[in-house]
Amino acid sequence: MMIKYVLQTLVVCACLFQQGNGCFLFFYNHIEVVVANGLPSNSDPLLLHCASKNDDLGNHNLTINETFSFDFCVIPWTTLFYCDFRWGSKQAHVDVYDAKWKDHKHCGGQHECDWEARSDGIYLSGTKRFDWQ
């Protein structure tokens with residue numbers, strides 16, 4: 001009988017602590033990743049493929065100034081999303097979110113990681129982070 005009450009209490013607590021975005025408090029962050037095509041006009045489209053260990057978000061062709069975004073609940077120390085960027089003959093493989101980032105300043109300390117492909121590389125929140133290969 002005691003186990004039944006403990007389980008009921010856990011279910012009620014879980015429902016009460018669920019955030020409006022679907023994340024539970026112990027999944028402490030809800031993150032949105034936004035990837036923008038900031039390449040020059042008249043450029044080839046940006047080809048983008050994003051995934052994690054558990055979720056393949058598919059292939060996307062972004063025209064100039066177009067964005068692709070996705071969101072998720074962070075599972076501490078395990079959540080990792082990456083994107084493969086392709087522009088003509090250039091490419092870059094980028095970890096767009098990693099829960100192991102110690103300072104979380106990679107996304108400006110916010111709940112949104114704003115990435116942009118430009119002609120000279122890949123930028124995060126206006127700061128160049130990666131060169132094209």
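Going by the structure above, here's the rest.
As the structure is a computational prediction, the values presented were derived from the model and not from experiment.

Chemist: Explain the overall build of the protein to me, using residue names and the numbers behind them.
Modeler: The secondary structure content of the protein amounts to one helix and nine strands. Counting from the amino terminus, helix and strand elements in the protein follow one another as α-β-β-β-β-β-β-β-β-β. The burial tally for the protein puts 32% of its 133 residues in the buried class. For the protein, long-range pairs separated by at least 24 residues make up 52% of all intrachain contacts whose partners lie at least 6 apart in sequence. When the accessible surface of the protein is totalled, it reaches about 8,300 Å², and 55% of it is carbon and sulfur.

Chemist: Describe the side chain of His 49, listing the residues and the values that go with them.
Modeler: The residue His 49 is located in strand 2 (residues 46–52) in this model. In this structure His 49 comes out as buried when scored by relative accessible area, which is 19%. At 2.8 Å, the side chain of His 49 forms a polar contact with the side chain of Asp 56. Look past the residues within four positions of His 49 in its chain and what remains in contact with it is Asp 56, Gly 58, Asn 59, Tyr 82, Cys 83 and Asp 84.

Rules used in this analysis
Residues numbered from 1 in each chain as written. Predicted model: local features only at pLDDT ≥ 70, side-chain atom pairs only at ≥ 80, totals over all residues. Heavy atoms only, no water. Helix = DSSP H or I, 4+ residues; strand = E, 2+ residues; numbered from the N terminus. Buried < 20%, exposed > 50% of the residue type's maximum accessible area, 1.4 Å probe, protein only. Contact = heavy atoms within 4.5 Å. Areas by Shrake-Rupley, 256 points an atom, 1.4 Å probe, with all protein chains shown as cover. Polar contact = N/O pair within 3.5 Å; in protein donor to acceptor, adjacent residues only side chain to side chain.

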